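Report on the structure
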Amino acid sequence: MFFNLRIRNKTVKELRKNQGFTARELAERLKLNTTAILRIDDMKLKEVPEPMKSKITPILRGDHVDKIPWL
């Protein structure tokens, strides 16, 4: 819960760079257009519209890393 509060005030671009994704890689993971990611890149996560925010938050939080079998 506290992690969610910390990432809400950061921009999507900053969170995406922290996870090591380019806009194109993030768009491929979400099955979206790259322009959709670039459009929200400069927004804070709390300002992103809800359908997009629910898709993008788990990836920017790093939930995909927990599913790696060798960790």
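Figured I'd write up the structure that's included with this text. Per chain, the residues get numbers from 1 upward, laid out in the order the sequence is written. The predicted origin of the model limits local features to residues at a pLDDT of at least 70 and limits the giving and counting of side-chain atom pairs to 80 or more, whereas totals for whole chains, interfaces and linings rest on all residues. Side-chain numbers here rest on the full set of heavy atoms in the structure, without hydrogens or water.

Interaxial angles span 0 to 180 degrees and are taken between N-to-C directions of axes, which are lines fitted to C-alpha atoms, for helices over the stretch in contact. Going along the chain from the N terminus, every DSSP run of H or I of four or more residues is numbered as a helix, and every run of E of two or more is numbered as a strand. At a closest axis distance of 11 Å, the pairing of helix H3 (residues 23-30) and helix H5 (residues 50-61) adopts a crossing angle of 120°. Looking at the two axes, H3 sits oblique to H5. Considering the relative orientation of H3 and H5, their crossing is right-handed. Of the residues in H5, those in contact with Leu26, Arg29 and Leu30 of H3 are Lys55, Ile56, Ile59 and Leu60. In the contact of H3 with H5, the residues fall into five nonpolar, no polar and two charged. In what follows, roughly perpendicular refers to angles from 65 to 115 degrees, roughly parallel to angles under 35, roughly antiparallel to angles over 145, and oblique to any angle outside these ranges. The crossing is said to be left-handed when, going from far helix to near helix, the turn is anticlockwise and less than a right angle, and right-handed when the turn is clockwise. Here a residue-residue contact requires only that any non-hydrogen atoms of the pair lie within 4.5 Å. Residue classes follow a fixed rule: Ala, Val, Leu, Ile, Met, Phe, Trp, Tyr, Cys and Pro count as nonpolar, while Asp, Glu, Lys and Arg count as charged, and any other residue, Gly among them, counts as polar.

Our next topic: the side chain of threonine 57. Along the chain, threonine 57 falls in helix H5. Looking at threonine 57, its side chain comes within polar contact range of the main-chain oxygen of lysine 53, at 2.6 Å. For threonine 57, the contacting residues outside a window of four places in its chain are Ile7 and Leu45. Distance and chemistry together define a polar contact, namely a pair of N or O atoms within 3.5 Å, with one atom able to donate a hydrogen and the other to accept it when in protein, and with adjacent residues in sequence counting only for side-chain atoms on both sides.

Our next topic: H3. Accessibility here uses a 1.4 Å probe with only protein chains present; expressed as a share of the type maximum, an area under 20% marks a residue as buried, one over 50% as exposed, and anything in between as partly exposed. Among the residues making up H3, those that are buried are Ala23, Leu26, Ala27 and Leu30. Viewed along the axis of H3, the buried residues span an arc of 100°, placing them on a single side of the element. When the buried face of H3 is taken as reference, the exposed residues oriented beyond 90 degrees from it are Arg24 and Glu28. Buried-residue contacts for H3 involve helix H2 (12-19), helix H4 (34-40) and H5. Phi turns positive one or two residues past the end of H3, at lysine 31, with a value near 55°. An arc is given here, and it is the one of the directions from the helix axis to the C-beta atoms.

By definition here, a helix of n residues has an expected span of 1.5 Å times n minus one. In this model H5 runs 16 Å from its N-terminal to its C-terminal C-alpha over twelve residues, within 8% of the 16 Å that 1.5 Å per residue would give. In the segment just after H5, glycine 62 is the residue with positive phi, at about 100°.

A few words now on the pattern of salt bridges. Every case where a carboxyl oxygen of Asp or Glu lies within 4 Å of a side-chain nitrogen of Lys or Arg is listed as a salt bridge. Under the definition given, this model contains two salt bridges. Salt-bridge contacts for arginine 16 lead to aspartate 41; the nearest nitrogen and oxygen are separated by 2.7 Å. Here arginine 16, found in helix H2, pairs with aspartate 41, found in the loop between H4 and H5; they are 25 residues apart in sequence, far enough to count as distant. Residue aspartate 41 is classed as buried on the basis of its relative accessible area of 6%. Put simply, arginine 61 and aspartate 63 hold a salt bridge, and the shortest N to O gap is 2.8 Å. Arginine 61 sits in the partly exposed class, given a relative accessible area of 33%. Classification of aspartate 63 by relative accessible area gives partly exposed; the value is 28%.

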